[in-house]
Amino acid sequence: DKDTGIKTGRIYLFEEDLGSLKGFVDCDAVFDMKWVSQERLIVATNQRHLALLDPSLMTLSYPNSVDNCICEALLCVDNAHTCIVATGSLGNVHICDPDTLKVKEEFKAHELETWSVAINGNAMYTGADDALFKQWDLRMDTKVPVRVSKAHGAGVCSIAVNHAREHILATGSY
């Protein structure tokens, strides 16, 4: 919006062939989204909230949005059976309840924007503009990483866990 400076966005829902647009919903700017189930899409927005899209109704809801404000733009989201994790523009990680989206735990993971997160079982991986790639154990004190890689020469902006091959993952940087 030119008057307010607030970025807005839109979520489009397509059939797999991309030829059939099922619908869209206007919303805050969208940085990432992941399917939690066939009927729930979790959305990370620039306005500091996790949102849920109901694809059958094409409606977006912000559960506990007043009580659950995260004080940074959300850049990436991933989910596991036990939690939903969002990362943010201030370097924080927010671990949320998968049913209510209430923040259960949050901590500073990186000094710069945390662009990527991936969960594989009890392992969580984060990457950020500080060029660090970190592994965390969700069963332990999550404020201390298990491993830190300095192999990237630039920001780590993508992490992909290979669920078909144990112990294999890929990262991308710019």
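Summary of the structure given here. (Residues numbered from 1 in each chain as written. Predicted model: local features only at pLDDT ≥ 70, side-chain atom pairs only at ≥ 80, totals over all residues. Heavy atoms only, no water.)

### Describing the layout of surface pockets
Size it by volume and the largest pocket reaches roughly 430 Å³. Lining the largest pocket we find 27 residues, and of these Asp78, Asn79, Ala118, Ile119 and His163 sit closest to its centre. At the level of secondary structure, the elements contributing two or more residues to the lining of the largest pocket comprise β3 (30–37), β7 (74–79), β11 (114–120) and β15 (156–161). By residue number, the principal contributor to the lining of the largest pocket is β11, which donates six residues. Residues belonging to the lining of the largest pocket are distributed by class as follows: 16 nonpolar, eight polar and three charged. (1 Å grid on protein atoms, 1.4 Å probe; cavity = no way out; pocket = protein on both sides within 12 Å on 5 of 7 lines; lining within 4 Å. Points joined across faces, edges and corners; volume = space filled by probe spheres on them. Helix = DSSP H or I, 4+ residues; strand = E, 2+ residues; numbered from the N terminus. Nonpolar A, V, L, I, M, F, W, Y, C, P; charged D, E, K, R; others polar.)

### Notes on the pattern of salt bridges
Under the definition given, this model contains five salt bridges. Residues aspartate 32 and lysine 34 are paired through a salt bridge, measuring 2.9 Å at the closest nitrogen-oxygen approach. According to the relative accessible area criterion, aspartate 32 is buried, its value standing at 16%. Looking at lysine 34, the relative accessible area reads 26%, which means it is partly exposed. The shortest N-O distance in the salt bridge between lysine 143 and glutamate 105 comes to 3.6 Å. (Salt bridge = Lys/Arg side-chain N within 4 Å of Asp/Glu carboxyl O. Buried < 20%, exposed > 50% of the residue type's maximum accessible area, 1.4 Å probe, protein only.)

### Some words on the nonpolar core
Among the nonpolar cores identified, the biggest contains eleven residues, and these are Cys76, Cys83, Val85, Val93, Ile95, Phe107, Ala109, Val117, Ile119, Met124 and Trp136. For this core, the elements supplying multiple residues, two or more each, are β9 (92–96) and β11. Sequence-distant contacts of cysteine 83, defined by excluding residues within four places in its chain, comprise Ile95, Cys96, Pro98, Lys104, Ile119 and Leu138. (Core = buried A, V, L, I, M, F, W, Y, C linked by side-chain atoms within 4.5 Å. Contact = heavy atoms within 4.5 Å.)

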